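Inside the fold
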Amino acid sequence: MPRTDRLALAAAAVTVLLWASAFVGIRAAAEDLTAGPLALGRLLVASLVLTLVVLWRGEAGLPERRDLPAIALCGVVWFGLYNVALNQGERSVDAGTAAMLVNLGPLLIALLAGAVLGEGFPRALLLGCAVAFAGTVVIGAGSTASRHADLAGVALCVGAAVAYAVGVTLQKPLLARTSALRITWLACLTGTVVLLPFSAVLVRETGDADAGALAWTVYLGIFPTAVAFTTWAFALGRTTAGRMGATTYLVPPLAVLLGWLLLDEVPATIALAGGALCLAGVALARRGSGPPAAAGTAAAATSPVAAARSAPPAAS
């Protein structure tokens, strides 16, 4: 396997692990912070971290003008609406079930990528997605067997899945012209601006929150947002959106495991079988995956940080 492919695989693994931990972090922080303020706090931390990295790497310039609307919309939908919907949904849905519901996203990504991005509908991808999604349903069934899942919470998690799929579909073509770091930074800033109306409530709630909730908010901003969204974009630039989306089917079993270890949300035995199905589905969906149809300038990078800087955008 070429070095760049190995780095992309490692970046995808980092993303999956950190996103799985986010479901646990949200559940923990939600005891003291409501949905909007928590999302804003997370994005403020992420924006600060990304801005420092962008300045250090000399990437503070804007991309090509034609890409700005798509980046802004990605920021509004994926960084803004997604986070608020997921935070509110997890107030009444446990971490494992929320991860399962959000993983409607990869199915939607596969469909949107095939129809909008011209990636087609590879049989292995669709079959793998179906198997992996069956695994997430099994996990969800096991998780909700001992917990009541509020209908509104379920609907919000499904809405987050739609925002996730739209965000990925918007992001994928941009990576051929603009670096992963720059796209993540600008989208995160946009999401932060959109959520600024929650500022006053954030100040009030952080004043009353315990140290644990604040620590989780900082963690969410640095790792599942600043780091994981950048490694995601790095990996996405090196494969199809459909196959990349399929890797996130590993998130629910990891979220269930982390919820068990950190929040004492004990999974049902059947959830273990669901996790095995997720693993099998991801392996099938990614079988035979080759280089992306259009890796763009980002394909020349040799590491996630370099990729963030590479892509001397034909457009920048």
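The coordinates are above.
This section reports on the structure supplied with the text. Quick caveat, the model's predicted, so the values are computed rather than measured.

Examining the packing of helix H2 (residues 35-57) against helix H3 (residues 68-89)
Two elements in contact, H2 and H3, have axes whose closest approach is 8 Å; the angle formed by their N-to-C orientations is 130°. Classified by the angle their axes make, H2 and H3 are oblique. Taken as a pair, H2 and H3 cross one another with a handedness that is right-handed. Contact with H2, carried on its side by Ala35, Gly36, Leu38, Ala39, Arg42 and Leu43, involves Phe79, Asn83, Val84, Asn87 and Gln88 of H3 and no other residues of that element. Of the residues in the contact of H2 with H3, the class split is six nonpolar, four polar and one charged.

Examining the packing of H3 against helix H7 (residues 151-174)
Any two packed helices are characterised by the angle at which their axes cross and by the distance between the axes. Look at H3 against H7: their axes get within 8 Å of each other, and the N-to-C directions meet at 160°. On the basis of their axis angle, the class for H3 and H7 is roughly antiparallel. The crossing of H3 and H7 is left-handed. Counting all contacts with H3, which are made through Ala70, Ile71, Leu73, Cys74, Val77, Trp78, Tyr82, Ala85, Leu86, Gln88 and Gly89, the residues of H7 involved are Gly153, Leu156, Cys157, Ala160, Ala163, Tyr164, Val166, Gly167, Val168, Leu170, Gln171 and Leu174. Taken together, the residues of the contact of H3 with H7 break down into 18 nonpolar, five polar and no charged.

Details of helix H5 (residues 105-116)
Over its twelve residues, H5 runs 15 Å from end to end, which matches the ideal 16 Å to within 8%, given 1.5 Å per residue. Those residues of H5 that sit buried are Gly105, Pro106, Ile109, Ala110, Ala113 and Gly114. Taken end-on, H5 shows its buried residues confined to a sector of 160°, consistent with a single buried face. What points out from H5, more than 90 degrees from its buried face, is the exposed set Ala115 and Val116. Looking one or two residues beyond H5, the residue adopting positive phi is Gly118, at roughly 75°.

Calculation criteria
Residues numbered from 1 in each chain as written. Predicted model: local features only at pLDDT ≥ 70, side-chain atom pairs only at ≥ 80, totals over all residues. Heavy atoms only, no water. Axes fitted to C-alpha atoms, helices over the stretch in contact; angles between N-to-C directions. Helix = DSSP H or I, 4+ residues; strand = E, 2+ residues; numbered from the N terminus. Parallel < 35°, antiparallel > 145°, perpendicular 65-115°, else oblique. Left-handed = near helix turned anticlockwise from the far one by under 90°. Contact = heavy atoms within 4.5 Å. Nonpolar A, V, L, I, M, F, W, Y, C, P; charged D, E, K, R; others polar. Expected span 1.5 Å × (residues − 1). Buried < 20%, exposed > 50% of the residue type's maximum accessible area, 1.4 Å probe, protein only. Arc of directions from axis to C-beta.

Take it as geometry only, folks, not as evidence of what the structure does.
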